[in-house]
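# Breakdown of the fold
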Amino acid sequence: MKRKKTPHWLPGFLVLLPSIGLIFYFVYVLLFQNFLLSTTNRKGINSTGESVGFENYAQLVIEDRFQNSMQNLLIFTIAFIGGTMLIGLTMAILLERGIKGEGFFRSAFIFPMALSFIASGLVWGFLMNPTTDANAGGLNWLLQRIGLGSLQNPWWQANTWGMAALALPAIWMFAGYIMALFLAGFRGIPDDVREAARIDGANEFQIYTKILFPLLGPAALSALVILGHISVKVFDLVVAVSFKQYRTETPAVYMWVTTFDATNFGKGAAIASILLIVTAVIVVPYLVSVYKGEQQK
Amino acid sequence: MFSTRKIAGVSLALAIALAGCSSGGSDSSGSTDSGSSSGGSSSAAPSGEVEVFSWWASGGEAEGLAALVDSFQEQCPDVEFVNATVAGGAGFNAKAVLVSRLEAGTPPDSFQAHAGKELLSYIEAGQLEPVNFIYEEAGLYDAFTADLIEQVTYTDGNIYSVPVNIHRSNLIWWNPKVASELGITPPTTLDELFTALDVVKAAGATGIGLGTAWAQVHLLESVLLSVLGVDDYNKLHIKGEGEAVWASAKTTEALEAYARLLTYANADADGIDWAPAAQLVLDGQAGFTVMGDWSDAQFLSQGLTPNVDYAWAPFPGTAGVYMWLSDSFTLSNNAPNRDASICWLKAAGSQAGQDAFNPKKGSIPARIDSNEALYGEYLQTALADWKTDKLAGSFAHGTVATNAAQSELQTVVSEFKSKGATDIADFQAKLAAAALAE
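A brief report on the enclosed structure follows. (Residues numbered from 1 in each chain as written. Chains lettered and ligands numbered in written order. Predicted model: local features only at pLDDT ≥ 70, side-chain atom pairs only at ≥ 80, totals over all residues. Heavy atoms only, no water.)

## Here's the deal with the overall build of chain A
The cut-off we apply is this: Only DSSP runs of H or I with at least four residues qualify as helices, and only runs of E with at least two residues qualify as strands; both kinds are numbered from the N terminus onward. The globule rule is 2.2 Å times the number of residues to the power 0.38, and the radius of gyration it is compared with is taken over C-alpha atoms. The cut-offs for exposure are 20% and 50% of the maximum accessible area for each residue type, with area from a 1.4 Å probe on protein chains only; residues under the lower value are buried, those over the upper are exposed, and the others partly exposed. Residues count as neighbours in contact if any of their non-hydrogen atoms are within 4.5 Å of one another. In these tables, accessible area is a Shrake-Rupley quantity obtained with a 1.4 Å probe, and a residue counts as shielded only by the protein chains included in the view.
For chain A, the count of helices and strands is 13 helices and zero strands. Ordered by position from N to C terminus, the α and β elements of chain A give α-α-α-α-α-α-α-α-α-α-α-α-α. Relative to the compact-globule value of 19 Å for 297 residues, chain A shows a C-alpha radius of gyration of 24 Å, a clear excess of over 25%. Principal axes of the C-alpha set define a box for chain A whose edges measure 90 × 70 × 30 Å. For chain A, with 297 residues in total, the buried portion stands at 41%. Sequence separation of at least 24 residues holds for 69% of the intrachain contacts in chain A that already meet a minimum separation of 6. With the model as given, the accessible surface of chain A reaches about 16,500 Å², and the carbon-plus-sulfur share is 68%.

## Let's talk about the sheet that holds strand β11 (residues 327–330) of chain B
All names here are of chain B. As a reminder, the rule being used: Paired strands, in this sense, are two strands between which DSSP finds at least two bridges. Throughout, an axis means a line fitted to C-alpha atoms (over the contacting stretch in the case of helices), and angles, computed between N-to-C directions, take values from 0 to 180 degrees.
In spatial order, the strands read β2-β1-β3-β11-β4; together these five strands make up an open sheet with mixed pairing. The sheet is open, and its two edges are formed by β2 (79–85) and β4 (161–163), each paired on a single side. Taken over all neighbouring pairs, the strand axes of this sheet differ in orientation by 30° on average, direction set aside. In the sheet, strand β1 (residues 48–54) pairs with strand β3 (residues 110–114) via two bridges, with the strands oriented parallel. In the strand pairing of β3, F53 is matched with F111. Of the strands in this sheet, β1 and β2 touch helix α2 (residues 59–75), which is tilted by about 160° from β2. On the sheet, helix α4 (residues 117–124) packs against β3, β4 and β11 and is oriented at approximately 135° with respect to β3.

## Focus on helix α14 (residues 294–301) of chain B
Those residues of α14 of chain B not exposed but buried are W294, S295, D296, A297 and F299 of chain B. Directly beyond the C-terminal end of α14 of chain B, a positive phi value near 80° is found at G303 of chain B.

## Examining the interface of chain A and chain B
Selection rule: By definition, the buried area sums, over both parts, the 1.4 Å-probe accessible area that each loses when the two are put together. A pair is scored as a salt bridge if a Lys or Arg side-chain nitrogen falls within 4 Å of a carboxyl oxygen belonging to Asp or Glu. Counting of polar contacts relies on pairs of N or O atoms within 3.5 Å, with two restrictions inside protein: one atom must be capable of donating a hydrogen and the other of accepting it, and residues adjacent in sequence are counted only when both atoms are side-chain atoms. Amino acids are sorted into nonpolar (Ala, Val, Leu, Ile, Met, Phe, Trp, Tyr, Cys and Pro), charged (Asp, Glu, Lys and Arg) and polar (every other residue, Gly among them).
At the interface, 30 residues of chain A touch 35 residues of chain B. Carbon and sulfur atoms make up 59% of the surface buried where chain A meets chain B, a total of about 2,800 Å² over both sides. Remark: the boundary between chain A and chain B carries three salt bridges. Among the ionic pairs, K419 of chain B bridges to D64 of chain A, the shortest N-O distance being 3.5 Å. Applying the counting rule to chain A against chain B returns nine residue pairs in polar contact (both at pLDDT 80 or more). Taken together, the residues of the side of chain A that touches chain B break down into 13 nonpolar, 10 polar and seven charged.

## Focus on the packing of helix α8 (residues 191–199) of chain A against helix α9 (residues 204–215) of chain A
All names here are of chain A. We apply this condition: Any angle from 65 to 115 degrees is called roughly perpendicular, while one under 35 is roughly parallel, one over 145 is roughly antiparallel, and all others are oblique. A crossing counts as left-handed when the near helix is turned anticlockwise from the far one by less than a right angle, and as right-handed when that turn is clockwise.
Across the interface, α8 lies against α9 with an axial gap of 10 Å and an inter-helix angle of 140°. As judged from the angle between their axes, α8 and α9 are oblique. Read as a crossing pair, α8 and α9 show a hand that is right-handed. The segment α8 lies against α9, with V193, R194, A197 and R198 engaging E204, I207, I211, L212 and L215. Tallied by class, residues from the contact of α8 with α9 come to six nonpolar, no polar and three charged.

## Focus on the state of the cysteines
All names here are of chain B. Formally: The disulfide definition used here is simple: a pair of cysteine sulfur atoms within 2.5 Å.
Across all of its chains, the model carries one disulfide over all chains by this definition. Paired by a disulfide, C76 and C343 hold their sulfur atoms 1.9 Å apart. Taking the sign of the S-S torsion, about -100° here, the bridge from C76 to C343 comes out left-handed. Note that C76 is positioned in the loop between α2 and β2 and C343 in helix α15 (residues 338–349), a separation of 267 residues in sequence.

## Considering the nonpolar core
Where a protein is soluble and globular, its nonpolar side chains tend to be buried together. Residue and element names in this part refer to chain B. To keep things clear, this is the line we draw: Side-chain atoms within 4.5 Å link the members of a nonpolar core, which is a set of buried Ala, Val, Leu, Ile, Met, Phe, Trp, Tyr and Cys residues.
Ranked by size, the top nonpolar core spans 80 residues in total, and within it Y122, Y135, Y322 and W344 carry the most contacts. Looking at this core element by element, the count peaks at seven residues for α15. Excluding its chain neighbours within four sequence positions, the residues that come into contact with Y135 are L140, Y141, F144, I149, V152, I159, S161, V162 and P163. Core analysis: the next-biggest nonpolar cluster, separate from the first, contains 60 residues, L220, V223, Y258 and A265 among them.

## Notes on the pairing of β2 of chain B
Residues and elements named next belong to chain B. Our working rule: A clockwise path from the first strand over the helix to the second, with the strands pointing away from the viewer, defines a right-handed crossover.
Relative to β2, β1 runs parallel, the two sharing seven bridges. Counterpart to V50 in the pairing with β2 is F81. Handedness of the β-α-β unit built from β1, α2 and β2 comes out right-handed.

## Quick look at a nonpolar patch on the surface
All names here are of chain A. Condition: Every patch collects residues that have over 30% relative accessible area and no salt bridge, joining them within 9 Å if they carry like charges and within 5 Å if they are nonpolar side chains (Val, Leu, Ile, Met, Phe, Trp, Tyr).
Together, I23, F24, Y25, F26, V27, Y28, L30, L31 and L276 give the surface a local cluster of nonpolar side chains, amounting to about 820 Å² of exposed area. Counting residues per element, the nonpolar patch draws most heavily on helix α1 (residues 10–38), at eight residues. Locating L276 in the fold gives a position in helix α13 (residues 265–296).

Right, dumping it as structure tokens:
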């Protein structure tokens, strides 16, 4: 009796099938539905809207409130990514030199990442109290106590640049994670490379700038992409620190308010679609480069 | 390449999806036709669970709800009360959760909504069953004032909710000890208020304890009422009449006064809710705060004594007007347990239920036959005012604003403040559009 041989890819495919099905429906079908919704004027609970084409998008692009939310997001992203990368890299360089108690510091620095944005947002909300001088609390009080009273500021309640202060909790949370990424990157560089450089007469500074940093490229790229997509979607941190208000409104918060508070589902879906596009702009080139990298191996 | 973590994640997602399906099946095909026409409640004693959705999570609000539930359990002993509370002042988190549940077709049996325009969002969505039959069966038509019945009756002649209380929004609170130290007498006009605020400021304290966006809308509506007067104020929310009032010079004057009041506010106003803002007054750090009478319940639950630790008056220039809002409960279309929900609504409308709830909640009962002896010092004055005052509806709390309008107003007000509170003309135009949003 002749037995038909199972194709070698079949068992793997069958195991993957449930997750392919779930991801197909819960990600791609729903993405498509969201896009369809964004081209309607659906407003009000359980209402049916009519198709309005790209009108929601056209209105959003020229709207002051949407521009404000994009500007807030931009300031937040620059502060968040810049601050996290800088502090993470600094901590990684310090730990990489093999100081005593490295394990302790590593855990201590990574630990804040275990908190949720809501929990740390609440605490940082108290810390970043904008009252100054006699009534000051939180960081402003601390600054006074250490003789830096002139640095007191309204934190996130400052106009325009307040969003940079809102990035502080996020920096605090993710700097340790970036440190770990870079530390792993440093550890992946063989000692031979450094020794060769020393023999060739490079000083410590040159070893970092000419040898180690270029080799950290892949780690830095991963870090950028991870931070970038967290930043674009930031919602819970903003709401935990400042509730929902114009001053700190990011596109994700705007989407939420429009959809669930004002029940303007069409417009909310349009904001969500724009957010998806912005995230894709960050993530897709990364995925492409990773894919190409794997192909070459 | 398929790690165990991913498999665990997928099975979790599957479990969640299945759970969602099992409770999400029912659609609008259920009991929609069992409304007012065929209506009425079945004669058998209801049993099972009743899920009631509200935003009463802390302080006097939670105590009031607990007292109301006790009364409900006496009246409907076989029904188990399921408390679906989502915390957040003025329902600013709860309403979003409610929207997602209604959209998913899994409504609670009964949910809290402010009587008035806020209910419109749900009525027009077909989410509510008329409760006229409950009013008839429980005698509520005679228990509420004619005014209130008129306010909760919709254009189709139906009533869609049972009010449990009446709150007052246009109140100003202060600390009598601080006031007597500074020689301040209670202000009765806006000018007197500004004079008093200057005295407070000169003494090195904050003028007005203010909270985040919705509390700013709350302050604004009192200022509008004060400057416009009750007749013009009551036109603000009516399409066709409101536009002219919003564009008037009087409104500009009111907004200028509001902008000036903001200059006396605490620096962290945008970052705190109403209770910490009121606390500034109790602690002597701020002169006044403008907030509804749930403040009274909050202060009492802190063990404070009225007229010793705190005092109140109608917002300057609004004496004789009761800016009201009313918490009410609805009967969801397709309520999973309709009979139990009806029993809950009858308990919520009953004298026993309202007299249990309101003294703790810090509001007066919607019923006129309540036992007034149960109510505290502030509420005695409120009961007296409610009988004589003219009525004005609150924007901040949904009496005259849809959910969309409330959300838009909060955005406009927080935008105005975050941009330095200077561009009055822009503010005025945006407010008009926001207030009339549907």
